Amino acid sequence: MMRAIGFGLAALVFFIGNAVSAEKSADDIVRKAHESFKTAKTAEEIKSIEMWCIANLGTLSFPERNRLMTQSVKLMDANKIEEANELIKRVKTLEELDSNLGKLACKPR
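What you see is a predicted model, and the numbers here were worked out from it, not measured in a lab.

*Asks:* Break down the nonpolar core for me, citing the residues and quoting the values.
*Replies:* Core analysis: the largest hydrophobic core is formed by nine residues, namely Ile29, Val30, Ala33, Phe37, Ile49, Cys53, Leu57, Ala105 and Cys106. Breaking this core down by element, the ones donating at least two residues are helix 2 (26-39) and helix 3 (43-59). Per-element accounting of this core gives the leading share, four residues, to helix 2. Filtering out sequence-adjacent residues up to four positions away, Cys106 remains in contact with Phe37, Glu50, Cys53, Ile54, Leu57 and Leu101.

Structure, rendered in structure tokens:
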């Protein structure tokens with residue numbers, strides 16, 4: 001059961017990560033968001049731009065998170081739970097860093 005869940009999670013991360021354009025850079029995303037803020041007229045539009053920016057910045061770390069999750073599944077299969085948990089903690093740290101970057105960079109100036 002755990003193995004099936006792990007593979008399902010790894011597959012989901014892989015497919016989402018590959019669906020995202022790898023040609024974007026953080027600078028491009030933030031620049032586009034700030035250009036959009038200039039024309040936003042309502043609080044809803046601003047919030048929407050912020051959410052778009054945060055989500056897109058988060059996609060930049062998908063390949064690394066995918067690699068870590070895939071490795072953690074392999075470790076779980078080998079019954080190396082502690083090592084797998086360490087990799088999952090690294091994934092969580094990457095997600096927190098993405099979130100923090102988004103909160104700082106994706107605000108109107």
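*Asks:* Could you give an account of the pattern of salt bridges, naming the residues involved and the relevant values?
*Replies:* In total, this model carries seven salt bridges according to the counting rule given. For Glu64, the salt bridge identified is with Arg67, shortest N-O distance 2.8 Å. In this pair, Glu64 and Arg67 are both assigned in helix 4 (residues 62-77), three residues apart and thus about one turn of the helix distant. A relative accessible area of 31% means that Glu64 is categorised as partly exposed. The partner of Glu86 in a salt bridge is Lys89, and the shortest N-O contact between them spans 3.5 Å. One end of the pair, Glu86, and the other, Lys89, are both in helix 5 (residues 81-105), three residues apart, so they sit about a helical turn from each other. Classification of Glu86 as partly exposed rests on a relative accessible area of 46%. A cluster of three or more residues bridged by salt bridges with shared partners is formed by Arg65, Glu95 and Asp98.

*Asks:* Could you give an account of the packing of helix 2 against helix 3, with specific residues and numbers?
*Replies:* Contact geometry for helix 2 and helix 3: axes closest at 10 Å, N-to-C directions at 175°. On the basis of their axis angle, the class for helix 2 and helix 3 is roughly antiparallel. The segment helix 2 lies against helix 3, with Ala26, Ile29, Val30, Lys32, Ala33, Ser36, Phe37 and Thr39 engaging Glu45, Ile46, Ile49, Glu50, Trp52, Cys53, Asn56 and Leu57. Looking at the contact of helix 2 with helix 3 residue by residue, the classes come out as ten nonpolar, three polar and three charged.

*Asks:* Describe unusual backbone geometry, naming the residues involved and giving the relevant values.
*Replies:* For Asn79, which is not glycine, the phi torsion reads 60° and is therefore positive. The residue Asn79 is located in the loop between helix 4 and helix 5 in this model.

Calculation rules
Residues numbered from 1 in each chain as written. Predicted model: local features only at pLDDT ≥ 70, side-chain atom pairs only at ≥ 80, totals over all residues. Heavy atoms only, no water. Core = buried A, V, L, I, M, F, W, Y, C linked by side-chain atoms within 4.5 Å. Buried < 20%, exposed > 50% of the residue type's maximum accessible area, 1.4 Å probe, protein only. Helix = DSSP H or I, 4+ residues; strand = E, 2+ residues; numbered from the N terminus. Contact = heavy atoms within 4.5 Å. Salt bridge = Lys/Arg side-chain N within 4 Å of Asp/Glu carboxyl O. Axes fitted to C-alpha atoms, helices over the stretch in contact; angles between N-to-C directions. Parallel < 35°, antiparallel > 145°, perpendicular 65-115°, else oblique. Nonpolar A, V, L, I, M, F, W, Y, C, P; charged D, E, K, R; others polar.

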